[in-house]
Amino acid sequence: MRKVVLPRKGKLLPAIFQERPNRFLARVLIDGKETSAHVSDPGRLKELLLPGTEVYLRPAEGARKTKFDLVLVKHKGLLVSLESTLPNKLVELALKERFFDELAHYQQIQREVKYNDSRLDFCLSNDDDKCFIEVKSVTLVEDGLALFPDAPTLRGTRHLKELIKIKEEGMRAISLFIIQREDATSFSPHETMDPLFASTLKEAQDAQVEVWAYKCRNTLDAVFLEEQVAVEL
């Protein structure tokens, strides 16, 4: 099986999750002592961050109020990544390594490209061809079905509308969902959580925006992008 391997930066420390006072802060125990860790994933994560759950932290760089970043959580024996910036790093590496066969012919890779009122994650190009990609991080899986979002996202809906405009202008557009865990077998929009995003994703697919979903396998040393899963809209 082909795969992309992104090594983790630094050594991770085990800890026990206690509580989440707000969406960007977690209180954890390291060797029985309480400390705080930054949570980069703004989702609700209610099924993952339960009191007493084993988590893994990375020491923060530079001067910060929180000395750690919460990187992984152990859930039903599997490691789930909570790093919201990791999917973009993984996709960038995958593009450079020509992991996606359908995109291997693009010679130029640009990150954070402005389009209208939004900034989209990637723009791939040849002399006469452009492809825009917007990447979303998925952490919620229920009975093998990966769901996005796990909290309402007006920003996500706006990005989909921009991808639709890109298609209308004759360019290629991809909505790419990176599932940060390995127990997913398919992907769907979370209609109960955000009906507007779900309907807009279906509208995007009808407009011939490509909707892809890939899942990851996590270890303490690296993250592996390996397998595409079915998209059910």
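Residues numbered from 1 in each chain as written. Predicted model: local features only at pLDDT ≥ 70, side-chain atom pairs only at ≥ 80, totals over all residues. Heavy atoms only, no water.

A. Summary view of empty space enclosed by the protein. Counting across every chain of the model gives one cavity of 30 Å³ or more. Estimates place the volume of the largest cavity at around 40 Å³. Split by residue class, the lining of the largest cavity holds seven nonpolar, no polar and one charged. (1 Å grid on protein atoms, 1.4 Å probe; cavity = no way out; pocket = protein on both sides within 12 Å on 5 of 7 lines; lining within 4 Å. Points joined across faces, edges and corners; volume = space filled by probe spheres on them. Nonpolar A, V, L, I, M, F, W, Y, C, P; charged D, E, K, R; others polar.)

B. Structural detail: helix 2 (residues 154–168). Along its 15 residues, helix 2 runs 21 Å from first to last C-alpha, staying within 8% of the 21 Å computed at 1.5 Å per residue. Restricting attention to buried positions, one finds in helix 2 the residues Gly156, Thr157, His159, Leu160, Glu162, Leu163, Ile164 and Ile166. Close packing links the buried residues of helix 2 with strand 8 (108–115), strand 9 (118–126), strand 10 (129–138), strand 13 (172–179) and helix 3 (195–206). At the C-terminal side of helix 2, glycine 170 shows a positive phi close to 90°. (Helix = DSSP H or I, 4+ residues; strand = E, 2+ residues; numbered from the N terminus. Expected span 1.5 Å × (residues − 1). Buried < 20%, exposed > 50% of the residue type's maximum accessible area, 1.4 Å probe, protein only. Contact = heavy atoms within 4.5 Å.)

C. Expanded view of the environment of lysine 46. The residue lysine 46 is located in the loop between strand 4 (33–38) and strand 5 (54–59) in this model. When the C-alpha atoms of lysine 46 and aspartate 150 are compared, they prove to be 9.2 Å apart, with 104 residues separating the residues in sequence.

D. Expanded view of the sheet that holds strand 11 (residues 140–142). An order of 11-12-14-17 is seen for the four strands of this open sheet, with the pairing classed as mixed. Each having just a single partner strand, strand 11 and strand 17 (230–231) make up the two edges of the open sheet. Across four bridges, the pairing between strand 12 (residues 145–148) and strand 14 (residues 186–189) is parallel. Bridging across to strand 14, leucine 145 finds its partner in serine 186. (Pairing = 2+ DSSP bridges.)

All we've got here are geometric facts, nothing functional implied.
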